[in-house]
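Residues per chain, in single letters:
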Amino acid sequence: CTSDSSPHHKSSTSNTSTMAKLRTTSLLPAIMTTVVSLSFISKLRPIVAFQAPTSARRHFSKNANAAFGKTTFRLIPGDLESWRMTSSDDESEVQTTATTPDLETYLNKHNLDDQVFSAISADGGLKVTVATIRNLLNEMMIQHSMNPVGGDALGRATICGLLASNGMQEEQMFQISMKGDGPLRGVVSIVNGKGQARGYCGNPRLSDDFTLQEAIGSGTVQVVKNHPDWPRPYNGITGIKFGDIDRDVGIYLAESEQRSCALAAATSFNGILCTSAGGYLVERLPDCTPETMSHMEKNLGNLVRMNGEDLALPANLMLEGKTPVDIASILLDGLGMKPLNQVTPKEYCECSEDKLFRSLRLLPREEVDDVLKTEGKIEARCEFCSKVYRLGPDDVMKRFAEAEGDPSKDEDFEEELKSKATE
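Residues numbered from 1 in each chain as written. Predicted model: local features only at pLDDT ≥ 70, side-chain atom pairs only at ≥ 80, totals over all residues. Heavy atoms only, no water.

**Some details on the pattern of salt bridges**
Now for step 1: What the rule picks out here adds up to 17 salt bridges.
Now for step 2: Between Glu255 and Lys241 there is a salt bridge, and its shortest N-O distance comes to 3.1 Å. Of this pair, Glu255 sits in helix H8 (residues 246-256) while Lys241 sits in the loop between strand S10 (234-239) and H8; the two residues are 14 residues apart in sequence, bridging distant segments of the chain.
Now for step 3: Accessibility expressed as a relative area gives 17% for Glu255, which makes it buried.
Now for step 4: A salt bridge links Asp410 to Arg358; the nearest nitrogen and oxygen atoms lie 2.8 Å apart. A residue pair is termed long-range when its members are at least 10 positions apart, and Asp410 in helix H15 (residues 410-422) and Arg358 in helix H12 (residues 353-361) qualify at 52 residues.
Now for step 5: Its relative accessible area of 18% is what places Arg358 among the buried residues.
Now for step 6: One continuous salt-bridge network, built from bridges that share partners, spans Lys225, Glu257, Arg259 and Glu283. (Salt bridge = Lys/Arg side-chain N within 4 Å of Asp/Glu carboxyl O. Helix = DSSP H or I, 4+ residues; strand = E, 2+ residues; numbered from the N terminus. Buried < 20%, exposed > 50% of the residue type's maximum accessible area, 1.4 Å probe, protein only.)

Have a look at this one:
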């Protein structure tokens, strides 16, 4: 459900008939018995692309080539940029997409840099967005002294936010909150149109004794979108059905925003070091034909096979050095690829000492004085970047004496900041 007038998502039998239905296609009989992670929801043709867990993949790994047919991509041993498009055994017929002149601007050799890349099919029917944020996630984990379970949750939430918000205005904000009853105590990720991201989880040092699904628990997926010019934010909420974040966000996009899409996000770790973090979002646009959808379904199946069975999709491909451009080329193979844009995601926090003092002004003065008397200072830590702010009694008294305007009004606070900047 969406909008401010519908605060809760109801999963009743009567509602399910009006919602987009998830159905499986026969990519593989074994996959059909597993828990799915990617979903296309289409009024014309509901289809599902799969990411099978390792335990389930054992049933079909031996017959993967036969089931998927001959792949249209070939991997050159030792060359990390060589996913080549061909259906021929003749190496001379192979063409490397990474050397296409139109893609030079978007190259990210060996997947070293963080990047969000988007492209559209030649007929304008599908949009593909691919992200890699390994460096960003490592920075966030260092800030929060975070263990891999929390890092996995925050990484997936941030990836989903960057993918779902791609193309929006720079000032627009997109927030994903996984509010579950598990020991992780929820995870929050906020991104904007510039690719700036921040986030946190309730229990960043949660041990590896829990799976991601156990750590998240049951609860709700809550999305908030806002813009400085909007009279009020857009709110949407659905239930947590799987607990692995990407599938839950995909269901939210389908049910709450009616966006036909296939979404995947995954991370991998070596100890507490993130070795890969990325994902992709394939969106069906209004003019997409059934033939284009059918071709994309086959490409998604190829991507699953190429990723292998060791790690969740698409973490294994990124460990091999596949860049967002490479993965987008795989997904749009045979459909033509027109690059749209790229964004470099960065960690960014809006906390400041001025905002801390604004919060103090909203408290009763006697409470502030009591804290200063008992503690000798005001101390606060930012939830998003873990930066600690400290204000002594003299600083607090001076600020109260110089304060003007109403701290509850954003315009007064912004005016105060402007006046300080011009001094």
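**A short note on the nonpolar core**
Now for step 1: Met178, Val187, Ile216, Ile245 and Leu253 are the most contacted members of the largest nonpolar core, which has 44 residues in total.
Now for step 2: At nine residues, helix H6 (residues 148-164) tops the list of elements feeding residues into this core.
Now for step 3: In this structure, Val282, Leu300, Ile327 and Leu332 belong to the second largest nonpolar core, which totals 28 residues. (Core = buried A, V, L, I, M, F, W, Y, C linked by side-chain atoms within 4.5 Å.)

**Topic: helix H9 (residues 290-307)**
Now for step 1: Its 18 residues place the ends of H9 26 Å apart at the C-alpha level, agreeing with the 26 Å of an ideal helix rising 1.5 Å per residue.
Now for step 2: A large share of H9 lies buried, amounting to 14 of its 18 residues.
Now for step 3: Just downstream of H9 lies Gly308, where phi reads positive at about 85°. (Expected span 1.5 Å × (residues − 1).)

**Observations regarding the sheet that holds strand S14 (residues 346-347)**
Now for step 1: If you walk across this open sheet you meet the six strands as S10-S9-S6-S7-S8-S14, and the pairing is mixed. At either end of the open sheet lies a strand with only one pairing partner, and these are S10 and S14.
Now for step 2: Looking at chain direction, strand S9 (residues 219-226) and S10 are connected through six bridges and run antiparallel. Counterpart to Val221 in the pairing with S10 is Thr238. (Pairing = 2+ DSSP bridges.)

**Observations concerning the pairing of strand S12 (residues 273-284)**
Now for step 1: Burial analysis of S12 places ten of its twelve residues in the buried class, the great majority of the element.
Now for step 2: Here strand S5 (residues 126-132) pairs with S12 via seven bridges, running antiparallel. Each bridged residue has a counterpart across the sheet, and for Leu126 the counterpart in S12 is Arg284.
Now for step 3: Two elements, strand S11 (residues 261-270) and S12, share ten bridges in a ladder whose sense is antiparallel. Its bridge partner being in S12, Ala265 is matched across the sheet by Gly279.
Now for step 4: Hairpin connection, S11 to S12: the antiparallel pair is bridged by two residues, and Gly271 has positive phi, about 70°.

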